[in-house]
Amino acid sequence: MRAMPANVEIKARIASVEAMLPRALALSEDEHAQLIHQDDTFFTVPHGRLKLRVFADGAGELIHYHRVDTDGPKVSDYVIAPVTDPDALRQALQRACGQLGRVRKARLLVLVGPTRVHLDRVEGLGDFLELEVVLSKGQTEAEGQAIARAVMNALGVKEDALVSGAYLDLLAGVPA
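Criteria and cut-off values
Residues numbered from 1 in each chain as written. Predicted model: local features only at pLDDT ≥ 70, side-chain atom pairs only at ≥ 80, totals over all residues. Heavy atoms only, no water. Helix = DSSP H or I, 4+ residues; strand = E, 2+ residues; numbered from the N terminus. Rg over C-alpha atoms; globule rule 2.2 N^0.38 Å. Buried < 20%, exposed > 50% of the residue type's maximum accessible area, 1.4 Å probe, protein only. Areas by Shrake-Rupley, 256 points an atom, 1.4 Å probe, with all protein chains shown as cover. Phe/Tyr/Trp six-rings, centres within 6.5 Å; stacked < 30°, edge-to-face > 60°. Lys NZ or Arg CZ within 6 Å of the ring centre and 35° of its normal. Expected span 1.5 Å × (residues − 1). Arc of directions from axis to C-beta. Pairing = 2+ DSSP bridges. 1 Å grid on protein atoms, 1.4 Å probe; cavity = no way out; pocket = protein on both sides within 12 Å on 5 of 7 lines; lining within 4 Å. Points joined across faces, edges and corners; volume = space filled by probe spheres on them. Nonpolar A, V, L, I, M, F, W, Y, C, P; charged D, E, K, R; others polar. Polar contact = N/O pair within 3.5 Å; in protein donor to acceptor, adjacent residues only side chain to side chain. Contact = heavy atoms within 4.5 Å.

Caption draft 1: Fine view of the overall build of the chain. Scanning the chain from terminus to terminus reveals four helices and eight strands. Ordering the α and β elements of the chain from the N terminus gives β-α-β-β-β-β-α-β-β-β-α-α. In terms of overall dimensions, the chain is globule-like: its C-alpha atoms have a radius of gyration of 16 Å, near the 16 Å expected for 176 residues. In terms of its C-alpha atoms, the chain occupies a principal-axis envelope of roughly 45 × 40 × 30 Å. Counting every position in the chain, which comprises 176 residues, the buried fraction comes to 45%. Entry remark: accessible area of the chain is about 9,000 Å², with carbon and sulfur atoms responsible for 54%.

Structure, rendered in structure tokens:
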């Protein structure tokens, strides 16, 4: 039994956000995607990953998560804490932990059932698809992986497009 929230994720390179958007909307009850600008700063920590996410309106979240870096569906468990002064917190965490890097992206969000379809345009990297199936209480990882694979297939994403690491790893030149 999981103590923390968890989701199953898949990340893949795509030709373009504009080409994938109609496919994602066709699978959704939504008529439009939600545009979200995100500025993520990653910090050095001994376990998992720690990032401060700042939105265009100045709101922020501190997110800690564990996730294996493999191709295909992978489980991520996480804790999210709202942040009222992200700039001050970034400065404090840089001083205390050290900054690993920063990832800036424009994300289009489309909901397809329990799956969050993210169409990301990442500065310095290009366009990506990220699927997140939020696991409900009692739902198994295998069930979440099956949902993620089904959405991936419905969107026409091929196995050879999958990437294993985080955007931060790709920006740092770590092979994916």
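Still more ground to cover, so stick around.
Caption draft 2: How the structure looks around the packing of aromatic side chains. Taken as a whole, this structure holds one aromatic pair when the rule is applied. In this structure, Lys-11 is placed above the aromatic ring of Tyr-167, and the distance from its NZ or CZ to the ring centre is 4.0 Å.

Caption draft 3: The arrangement of helix H3 (residues 141–154) in detail. Between its first and last C-alpha atoms H3 spans 20 Å; for 14 residues at 1.5 Å apiece the expected length is 20 Å, and the two agree. Along H3, the residues classified as buried are Gly-144, Ala-148, Val-151 and Met-152. What you see down the axis of H3 is that its buried residues fit within an arc of 105 degrees, all on one side. Exposed side of H3, more than 90 degrees from the buried face: Ala-142 and Asn-153 are the residues found there.

Caption draft 4: Here's a closer look at the pairing of strand S2 (residues 34–43). Among the 10 residues in S2, seven count as buried, and that is most of the element. With 10 bridges joining them, S2 and strand S6 (residues 99–112) adopt antiparallel strand pairing. Looking across to S6, one finds that Asp-40 is bridged to Val-103. Between S2 and strand S3 (residues 49–55), which pair antiparallel in sequence order, lie five residues; one of them, Gly-48, sits at a positive phi of approximately 65 degrees.

Caption draft 5: Broad picture of the layout of surface pockets. Within this model, the largest pocket holds a volume of roughly 500 Å³. Looking at the largest pocket, it is lined by 27 residues, and the ones nearest its centre are Lys-51, Arg-53, Ile-63, Arg-107 and Glu-132. Among the residues making up the lining of the largest pocket, the classes are represented as 11 nonpolar, four polar and 12 charged.

Caption draft 6: Looking closely at the environment of Arg-90. You can see Arg-90 is positioned in helix H2 (residues 86–97). We classify Arg-90 as buried; its relative accessible area is 8%. In this structure, the C-alpha to C-alpha distance between Arg-90 and Lys-51, residues 39 residues apart in sequence, is 9.3 Å.

Caption draft 7: Fine view of the side chain of Glu-130. Looking at the secondary structure, you find Glu-130 in strand S8 (residues 126–134). Among the polar contacts made by the side chain of Glu-130, one reaches the side chain of Lys-11 at a distance of 3.5 Å. When residues no more than four places from it in sequence are discounted, the contact partners of Glu-130 are Ile-10, Lys-11, Arg-107, Arg-116, Val-117, His-118, Asp-120 and Tyr-167.

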